[in-house]
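Geometric and topological summary
The chain contents come next:
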Amino acid sequence: MPIPTPCTKICALDALKRRCVGCGRTLEEIGRWSTMADAERLAIMARLKADAR
């Protein structure tokens, strides 16, 4: 089963952090999401969870 996208449909870039304010991913991560391996997606999801704390 594929790893679902963390997209929250709130797409705006934080200019200082260079990350989406909705999901927390970088533009590069957003652009590559559909071609990433599950392991890479899981690593990003873990980082997003840790950043939310």
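This text follows the structure it describes.
A few points on the structure.

1. Regarding the environment of C11
Note that C11 resides in the segment before β1 (13-14). C-alpha of C11 to C-alpha of T26: the two residues are 15 residues apart in sequence and 11 Å apart in space.

2. So, the side chain of E29
In this fold, E29 is placed in helix α1 (residues 27-32). Not counting residues up to four positions away in its chain, the partners in contact with E29 are R19, M36, I44 and R47.

3. Remarks on the pattern of salt bridges
Enumeration according to the criterion identifies four salt bridges in this entry. We note a salt bridge from E28 to R32, for which the minimum N-O separation is 2.8 Å. In this pair, E28 and R32 are both assigned in helix α1, four residues apart and thus about one turn of the helix distant. Look at R32 and you get partly exposed, because its relative accessible area is 32%. A salt bridge links D51 to R47; its shortest N-O distance comes to 3.5 Å. Here R47 and D51 lie together in helix α2 (residues 38-52), a separation of four residues that amounts to about one turn.

4. Focus: the environment of A46
Mapping A46 onto the fold places it in helix α2. When the C-alpha positions of A46 and K9 are compared, they lie 20 Å apart, and in sequence the two are 37 residues distant.

Criteria and cut-off values
All chains use their own residue numbering, which begins from 1 and follows the written sequence. Selection of residues for local features in this predicted model requires a pLDDT of at least 70, selection of side-chain atom pairs for listing and counting requires 80 or more, and totals for whole chains, interfaces and linings are taken over all residues. No hydrogens and no water enter the side-chain calculation; it runs on all heavy atoms of the structure. Note on conventions: DSSP H or I runs of at least 4 residues are helices, E runs of at least 2 residues are strands, and numbering of each starts at the N terminus. Only heavy atoms matter for contacts: two residues are in contact if any of them lie within 4.5 Å across the pair. Any carboxyl oxygen of Asp or Glu that lies within 4 Å of a side-chain nitrogen of Lys or Arg is treated as forming a salt bridge with it. Exposure classes here rest on a 1.4 Å probe applied to the protein chains alone. A residue is buried below 20% of its type maximum, exposed above 50%, and partly exposed in between.

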